Amino acid sequence: MNFSRHRHRIVLGPPALALLVAAAGCSSADGSASAVVPSPDAKVATLCRNLDEALPSKVDGLNRRDPEPVSSLTAGWGNPAIILRCGVARPEKMSDPEADGVEVDGAGWLLEKQDDGAFRFTTTLRKAYVEVTIPAKRTGDGMAPLVDLAPAIKKTIPEGIAD
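Residues numbered from 1 in each chain as written. Predicted model: local features only at pLDDT ≥ 70, side-chain atom pairs only at ≥ 80, totals over all residues. Heavy atoms only, no water.

1. What about the overall build of the protein chain?
No. 1: The number of helices and strands found in the protein chain is three helices and nine strands.
No. 2: Element order for the protein chain, N to C, with α for helix and β for strand: β-α-α-β-β-β-β-β-β-β-β-α.
No. 3: For the protein chain, the proportion of its 163 residues judged to be buried stands at 46%.
No. 4: At a minimum sequence separation of 6, the contacts of the protein chain that also span at least 24 residues come to 61%.
No. 5: Per element, the accessible surface of the protein chain, about 8,200 Å² overall, is 49% carbon and sulfur. (Helix = DSSP H or I, 4+ residues; strand = E, 2+ residues; numbered from the N terminus. Buried < 20%, exposed > 50% of the residue type's maximum accessible area, 1.4 Å probe, protein only. Contact = heavy atoms within 4.5 Å. Areas by Shrake-Rupley, 256 points an atom, 1.4 Å probe, with all protein chains shown as cover.)

2. A few points about the pairing of strand S7 (residues 107-113)
No. 1: Judged by how many residues are buried, S7 sits mostly within the fold: six of seven residues are covered.
No. 2: As paired strands, strand S6 (residues 100-104) and S7 are joined by five bridges and run antiparallel to one another. In the strand pairing of S7, Val104 is matched with Ala107.
No. 3: Here S6 folds back onto S7 in antiparallel fashion, the turn holding two residues, of which Asp105 has a positive phi close to 50 degrees.
No. 4: Linkage of S7 to strand S8 (residues 119-123), two consecutive antiparallel strands, is achieved through a turn of five residues, within which Gly117 is found at a positive phi near 95 degrees. (Pairing = 2+ DSSP bridges.)

3. Regarding the nonpolar core
No. 1: Formed by 32 residues in total, the largest nonpolar core has its most connected members in Leu51, Trp77, Leu84, Trp109 and Phe121.
No. 2: Looking at this core, the elements with two or more residues in it are helix H2 (42-54), strand S4 (74-77), strand S5 (82-86), S6, S7, S8, strand S9 (130-134) and helix H3 (144-156).
No. 3: Per element, the largest residue contribution to this core is six residues, and it comes from H3.
No. 4: Beyond its immediate chain neighbours, meaning those up to four positions away, Trp77 contacts Leu55, Pro56, Ser57, Lys58, Val59, Leu62, Asn63, Arg64, Arg65, Ile82, Leu84 and Leu149. (Core = buried A, V, L, I, M, F, W, Y, C linked by side-chain atoms within 4.5 Å.)

4. Side note on the pattern of salt bridges
No. 1: Following the criterion strictly, the structure yields six salt bridges and no others.
No. 2: One salt bridge in this structure joins Arg64 and Asp52, with 2.5 Å as the shortest N-O distance. One end of the pair, Arg64, is in the loop between strand S3 (62-63) and S4; the other, Asp52, is in helix H2, with 12 residues separating them in the sequence.
No. 3: For Arg64, the salt bridge goes to Asp66, with nearest N and O atoms at 2.7 Å. (Salt bridge = Lys/Arg side-chain N within 4 Å of Asp/Glu carboxyl O.)

Remember that the coordinates give geometry; whether it matters functionally is a separate question.
Shown next, in the form of structure tokens:
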């Protein structure tokens, strides 16, 4: 992983770092991205719309390419796409005291490795849950996508408990 090009504070526990280094992957056959649009309540949906307006046009050097169906609750970058979904339900894994968590540039994230080698990160201690899925082919970039997304999340999704 190349963290040298980003001069932000990144804190990883050994299990999380090992998972990221070990990841290998695949991508979708047709190259088009899709994402299930969350169904948050009105207050969270407003936070998510504000986040959508603040999101960067590039993440880890990849141009924004939103998934289908188009929604202010989802965003994407690159192909295979890094997918962001705002207003998702609280992950069950968040209740597990053994769950892996990381802090990236002042934003806390729950880390979950997916069966396909991708990694799903969900914000912690924010008024809305924001989920970012990094496909297996992109996990070698480490936390760079989260570094790029952290300022918009910190600006638009207040600290607190979403539930």
